[in-house]
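Residue-level structural notes
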Amino acid sequence: MRRDELLDAAEDLLCDQGAAALTLSAVADRAGVSKGGLLYHFSSKETLIKAMVERLIDDFDQLMAAQPGDTYTERYLTATLAAVRSGRLRRWAVVTGASGNLFLLAPLREAMTRWHRDELRGEPDPLASQVVRLACEGLWDVASHDPELNTESDLQALEARLRSLLKPPPVS
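Model, not experiment: these values are computed from the prediction. (Residues numbered from 1 in each chain as written. Predicted model: local features only at pLDDT ≥ 70, side-chain atom pairs only at ≥ 80, totals over all residues. Heavy atoms only, no water.)

Structural notes on the overall build of the chain
Summing up its helical and strand segments, the chain has 9 helices and 0 strands in all. Along the chain, helices and strands appear, N-terminal first, in the series α-α-α-α-α-α-α-α-α. Here the chain, with 172 residues, has 41% of them falling under the buried criterion. When contacts within the chain are restricted to residue pairs at least 6 apart in sequence, those whose partners lie at least 24 apart make up 64%. Roughly 9,400 Å² of accessible area belongs to the chain as shown, and the carbon and sulfur atoms make up 53% of that amount. (Helix = DSSP H or I, 4+ residues; strand = E, 2+ residues; numbered from the N terminus. Buried < 20%, exposed > 50% of the residue type's maximum accessible area, 1.4 Å probe, protein only. Contact = heavy atoms within 4.5 Å. Areas by Shrake-Rupley, 256 points an atom, 1.4 Å probe, with all protein chains shown as cover.)

And the structure:
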């Protein structure tokens, strides 16, 4: 069985039953492999959770890299909205919620620092770009806890307003 299939099984288990149900035996059962087969790829529950967090970060980095946009913040906004629209946020909420261990979330802290600092000084309006990036974080948080709150018309209006903030300030 491939590593990603084991991670999928762990994420599905978290989504369906919560963090308390996340055990190596339960993940192996969900994936249809022996516990030894799971242990071949992940030596502990902690390495499994860390791998899930790292995969989520990589998924978002790839999503961001695939987006059009002249600036980092435009790509970040577009990727965030794509993630919200696709329902990917539930995975984020359950995986990060499963880790009560700051060590396991270290890769996420590093990614957040990168996502909020990279290329900020090169933006036409760095402060507006920072506001948009922080608004994206708020959107992630709200949408991951209440996915029905953000209808498509709400998302379109929010996107239009955030994009207007990214327009270069008028030259005086």
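Back to the write-up after that little detour.
A short note on the pattern of salt bridges
Summed over the entire model, instances satisfying the criterion amount to 11 salt bridges. For Arg133, the salt bridge goes to Glu123, with nearest N and O atoms at 3.2 Å. A residue pair is termed long-range when its members are at least 10 positions apart, and Arg133 in helix 8 (residues 126-145) and Glu123 in the loop between helix 7 (106-117) and helix 8 qualify at 10 residues. Side by side, Arg133 and Glu123 carry an identical accessibility label, which is buried. Notably, a salt bridge pairs Arg163 with Glu159, separated by 3.1 Å at the nearest N-O pair. Residue Arg163 and its partner Glu159 are both found in helix 9 (residues 152-165); the two are separated by 4 residues, about one turn of the helix. Bridged by salt links that share partners, the residues Asp4, Asp8, Glu11 and Arg55 form one connected network. (Salt bridge = Lys/Arg side-chain N within 4 Å of Asp/Glu carboxyl O.)

Regarding the environment of His116
Of note, His116 is situated in helix 7. Sequence spacing of His116 and Arg133 is 17 residues, and the spatial spacing of their C-alpha atoms is 6.5 Å. In this structure, His116 is in contact with Tyr76, Arg133, Leu134 and Glu137, ignoring residues within four places of it in sequence.

Notes on unusual backbone geometry
Residues other than glycine seldom take positive phi values, yet Glu119 does so here, at roughly 60°. Mapped onto the elements, Glu119 comes out in the loop between helix 7 and helix 8.

Some points on the packing of aromatic side chains
Here the structure, examined in full by the defined rule, presents 3 aromatic pairs. With a centroid separation of 5.0 Å and 70° between ring planes, the pair formed by Phe60 and Trp115 is classed as edge-to-face. Here Trp115 lies in helix 7 and Phe60 lies in helix 4 (residues 45-65), a separation of 55 residues in the sequence. Through successive ring pairs, a cluster of aromatic residues spans Phe60, Tyr76, Trp115 and Trp140. (Phe/Tyr/Trp six-rings, centres within 6.5 Å; stacked < 30°, edge-to-face > 60°.)

Some details on the packing of helix 4 against helix 7
Running from N to C, helix 4 and helix 7 cross one another at 20°; their axes reach a closest spacing of 9 Å. On the basis of the axis angle, helix 4 is roughly parallel to helix 7. Note on packing geometry: the crossing formed by helix 4 with helix 7 is left-handed. Where helix 4 abuts helix 7, its residues Lys50, Val53, Glu54, Ile57, Phe60 and Asp61 lie against Pro107, Leu108, Ala111, Arg114 and Trp115. (Axes fitted to C-alpha atoms, helices over the stretch in contact; angles between N-to-C directions. Parallel < 35°, antiparallel > 145°, perpendicular 65-115°, else oblique. Left-handed = near helix turned anticlockwise from the far one by under 90°.)

Quick notes on helix 7
Between its first and last C-alpha atoms helix 7 spans 16 Å; for 12 residues at 1.5 Å apiece the expected length is 16 Å, and the two agree. Every buried residue of helix 7 is accounted for by Ala106, Pro107, Leu108, Ala111, Trp115 and His116. (Expected span 1.5 Å × (residues − 1).)

Examining the side chain of Glu11
Mapped onto the elements of the fold, Glu11 is located in helix 1 (residues 3-17). Side chain to side chain, Glu11 and Arg55 meet in a polar contact 3.1 Å long. (Polar contact = N/O pair within 3.5 Å; in protein donor to acceptor, adjacent residues only side chain to side chain.)

Some words on the packing of helix 5 (residues 72-86) against helix 8
Following both chains from N to C, one finds helix 5 and helix 8 inclined at 10°, their axes separated by 10 Å at the closest point. As summarised for this structure, helix 5 and helix 8 are arranged roughly parallel, according to the angle between their axes. Along the contact surface, helix 5 presents Tyr72, Thr73, Tyr76, Leu77, Thr80, Leu81, Ala83 and Val84, while helix 8 presents Ser129, Val132, Arg133, Cys136, Glu137, Leu139, Trp140 and Ala143. Classifying every residue of the contact of helix 5 with helix 8 gives 11 nonpolar, 3 polar and 2 charged. (Nonpolar A, V, L, I, M, F, W, Y, C, P; charged D, E, K, R; others polar.)

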